[in-house]
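Letter by letter, the chains look like this.
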Amino acid sequence: MSTIMEWIDKRLPVTELIKSQATEYPTPKNLNYWWNFGSLALTVLIIMIATGLFLAMHYKPDATLAFKSVEHIMRDVNFGWLLRYMHANGATFFFIFVYIHILRGMYYGSYRAPREILWWIGIVIFFMLMGTAFMGYVLPWGQMSYWGAAVITNLMSAIPVVGSDLVTWIWGGFSVADPTLNRFFVLHFLLPLLVFGVVFVHLWALHAVHSNNPVGIDAHDDKDNLPFHPYYTIKDLYGVGVFLIFYCYFVFFAPNAFLEADNYIPANPMQTPAHIVPEWYFLPFYAILRSIDFLGSFSKLAGVVAMVLSIAILFILPFLDRSPVRSFRYRPLSKQLFWIFVANAFVLGWVGYNPPDASLFHGAIPLILIGRTSTAIYFGYFVILWLVTALDIEKPRPVPKCL
Amino acid sequence: MAIEVEENRRDFLILATSAFGVAGVAAAAWPFIRSWSPSADVLAQATSEVDISPLQPGQMITVPWQGKPVFVLRRTPEMIASAQKGDSESLPDPAKDADRVKRPELLVLLAVCTHLGCVPQPIGTGDYGGFLCPCHGSHYDTSGRIRKGPAPRNLEVPHYDFKDANTLVIGKALA
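Residues numbered from 1 in each chain as written. Chains lettered and ligands numbered in written order. Predicted model: local features only at pLDDT ≥ 70, side-chain atom pairs only at ≥ 80, totals over all residues.

Trainee: Mind laying out the overall build of chain A, listing which residues take part and the relevant values?
Mentor: When helices and strands are counted, chain A shows 15 helices and four strands. The principal-axis extent of the C-alpha atoms belonging to chain A is close to 65 × 60 × 45 Å. Contacts in chain A between residues far apart in sequence, at least 24 positions, make up 77% of those at least 6 positions apart. (Helix = DSSP H or I, 4+ residues; strand = E, 2+ residues; numbered from the N terminus. Contact = placed C-beta atoms within 7 Å.)

The structure is reproduced here in structure tokens:
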């Protein structure tokens, strides 16, 4: 065995790579459970690629056959129902994990120097995931698939001058139709493989600067670090076990909990369902899009810009936060702002889920007002965090000298 | 001196090679980009013919044109009056009702909301007696003009003509 490994290592230093990047890779000793969600997201990515690959062997990306082929997978293909429910519910868990992973980075200041590039690659992955999830949802070609695709592609028509030509180009016609479905299938197949590649760039960037930790100071000597194996391999595996319990509950006992009933009606380009909602993981951004409705003919463009900015603003977060301390654990004001931001995201999601003209208390408070306020709070977080830290308003508590 | 000349020469060669490469890649990308545009068979579906003789006043039908729904409504005198009354009100996208119809009783509209492309609901669902888009709450009047909600423009009136008294032709045949 060892002679074979020696022979290989001389030609391709596998053992050295595994030692330095995995088994003996130094990891801060104080990571808490919020640090499990990166490996959990990777686990789901692997589940999604595996189930997706096998679903693609039975699915037909054709406007006349797509809906039927999904029902064929559900009824006729051996374990087709399992593959599809794993895939559909996998998307939900993927976004839960990615959101927690992003929020963990925001709370413990993982975006701060020297981890800016690591953070940016993560945002790029998030954008790619949103695109992949959107196009995947179109494939069953139900009513929600179709009208979700119509609404989201129409966002592009808000772009001045080239907008409507761009939409025609994306559709490959004058409406969402067969050419659109076919190319979305190809892209939905391609993008996750690209995501898989970019995840390794993300890991490369991580291993160059090493993990942040809850205290937010640099880990210095061997006293601060533990070898990744067995300390974090076992902790990550434990997380995977907990995840699988919840995942299996949904896959086997509530597989349609996150799906819309209307998507079991075949796509009908002549009729929009009375109430269309995006998948739950897009709801907060959908609420931001709808909240900008007070600018007359600029509303549409402004709504789209606000929606894109709501994520793109994360790119400049490393420069907005000017505090000398990374972790919010020692930053009383930032900590409060953070939890307002999180609670507000749920409010936005709730607004996005409801019809646009809904209201609270029999018309006393139109939802649109709540949506606008929440949108202001969402962006306000970034502005106030910047002001509080740039003007030294926040007095951080003392930070420990070592982990 | 000789080295400097040599360096200038090398800079020029690198620049020229890069520029040529970029131009080449851009030119080669064009067929790939163009392959996403509507294909010949999609472009061929340019017109739809509709028999409008069975339409009673107040009745509306939805017909497909280029894969998109088109509303054809035979308006009642009240609807026409309400649309013409709207001419003098302040409109987000001002247009006279008379400019949006070829025959006052027949309203032809592309049933694609100018906000984000949903299909509005039939006549009588919205405020102003017109069409309500369920997705984001845009209200269009009996002339298909935007009156309330996030949509930026009036519902589009597609190009149409009458082949004879009872046959409506939507769209324009491509040469």
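The discussion continues.
Trainee: Explain the sheet that holds strand β3 (residues 68–74) of chain B residue by residue, including any values.
Mentor: Residue and element names in this part refer to chain B. The strand order across the open sheet formed by three strands is β2-β3-β4, and the pairing between neighbours is antiparallel. Looking at the sheet topology across the chains shown, the edges are occupied by β2 (60–65) and β4 (106–110). Strand-to-strand twist of the sheet, defined as the mean angle between neighbouring strand axes without regard to direction, takes the value 25 degrees. (Pairing = 2+ DSSP bridges. Axes fitted to C-alpha atoms, helices over the stretch in contact; angles between N-to-C directions.)

Trainee: Got a sec to walk through the pairing of strand β8 (residues 160–164) of chain B? Specific residues and values, please.
Mentor: Residue and element names in this part refer to chain B. In terms of burial, β8 is largely open, as just zero of its five residues are buried. Relative to strand β9 (residues 167–170), β8 runs antiparallel, the two sharing four bridges. Residue pairing across strands places Phe 162 opposite Leu 168, the latter belonging to β9. (Buried ≥ 20, exposed ≤ 12 C-beta atoms within 10 Å, placed from the backbone.)

Trainee: Outline the sheet that holds strand β1 (residues 48–51) of chain B, listing residues and values.
Mentor: All names here are of chain B. Read from one edge to the other, the open sheet built from three strands follows the order β1-β9-β8, with strand pairing classed as antiparallel. If you trace the sheet from one side to the other, it starts and ends with β1 and β8, each paired once. Across the sheet, the axes of successive neighbouring strands diverge by a mean angle of 30 degrees, strand direction being ignored.

Trainee: Account for the domain arrangement of chain A, with residues named and values stated.
Mentor: Residue and element names in this part refer to chain A. Parsing chain A into structural domains produces domain 1 (26–276) and domain 2 (284–403). Just the C-alpha atoms count here: the centres of domain 1 and domain 2 sit 23 Å apart. Those elements that place two or more of their residues in the side of domain 1 that touches domain 2 are α5 (80–107) and α6 (116–138). Per-element tally for the side of domain 1 that touches domain 2: the top contributor is α6, with six residues. (Domains from an automatic or database assignment.)

Trainee: Hey, could you go over helix α7 (residues 143–155) of chain A for me, with residue numbers and the actual values?
Mentor: Between the first and last C-alpha of α7 of chain A there are 18 Å, a value that for 13 residues agrees with the 18 Å anticipated at 1.5 Å per step. Across the 13 residues that make up α7 of chain A, a large majority, 13, are buried. (Expected span 1.5 Å × (residues − 1).)

Trainee: So, the nonpolar core: which residues are in play, and what are the values?
Mentor: Nonpolar side chains tend to gather and get buried jointly when the protein is soluble and globular. Phe 94 of chain A together with Cys 118 of chain B are the most contacted members of the largest nonpolar core, which has 97 residues in total. Broken down by element, this core gets its largest block of residues, nine residues, from α5 of chain A. Discounting residues that sit within four places of it in the chain, Phe 94 of chain A has contacts with Ala 41, Val 44, Met 48 and Leu 129 of chain A. Judged by nonpolar contacts, the second largest core, of five residues, contains Tyr 111, Leu 118, Trp 119 and Leu 314 of chain A. (Core = buried A, V, L, I, M, F, W, Y, C linked by C-beta atoms within 7 Å.)

Trainee: So what about α6 of chain A? Which residues, and what values?
Mentor: All names here are of chain A. The end-to-end C-alpha distance of α6 is 34 Å, a good match for the 33 Å that 23 residues give at a rise of 1.5 Å each. Within the sequence span of α6, burial applies to Leu 118, Trp 119, Gly 122, Ile 125, Leu 129, Thr 132, Ala 133, Met 135, Gly 136, Tyr 137 and Val 138. Packed against the buried residues of α6 are α5, α7, α9 (178–209) and α13 (317–320).

Trainee: Give a detailed account of the environment of Pro 324 of chain A, specifying residues and quantitative values.
Mentor: Residue and element names in this part refer to chain A. Position of Pro 324 relative to the elements: it lies in the loop between α13 and α14 (332–353). The class for Pro 324 is exposed, based on 10 C-beta atoms found within 10 Å. With 239 residues separating them in the primary sequence, Pro 324 and Tyr 85 have C-alpha atoms 47 Å apart.

Trainee: A description of the confidence of the model for chain B should follow, citing residues and the corresponding values.
Mentor: Mean pLDDT for chain B: 89, with 97% of residues reaching 70 or above. Two summary scores accompany this predicted model of the complex, namely pTM at 0.89 and ipTM at 0.78. (pLDDT = per-residue confidence, 0-100.)

Trainee: So what about the domain arrangement of chain B? Which residues, and what values?
Mentor: The domains assigned to chain B are domain 1 (1–37) and domain 2 (43–170). Spacing between the C-alpha centres of domain 1 of chain B and domain 2 of chain B amounts to 52 Å.

Trainee: Break down the interface of chain A and chain B for me, citing the residues and quoting the values.
Mentor: Counting residues at the interface gives 28 residues for chain A, matched by 23 residues for chain B. The element best represented in the side of chain A that touches chain B is α7 of chain A, accounting for five residues.

Trainee: For the environment of Lys 335 of chain A, give the residues involved together with the corresponding values.
Mentor: All names here are of chain A. Considering the arrangement of structural elements, one finds Lys 335 in helix α14. Assessed through the 15 C-beta atoms surrounding it within 10 Å, Lys 335 is described here as partly exposed. Taking the C-alpha atoms as reference, Lys 335 lies 7.4 Å from Tyr 107; in sequence the two are 228 residues apart.

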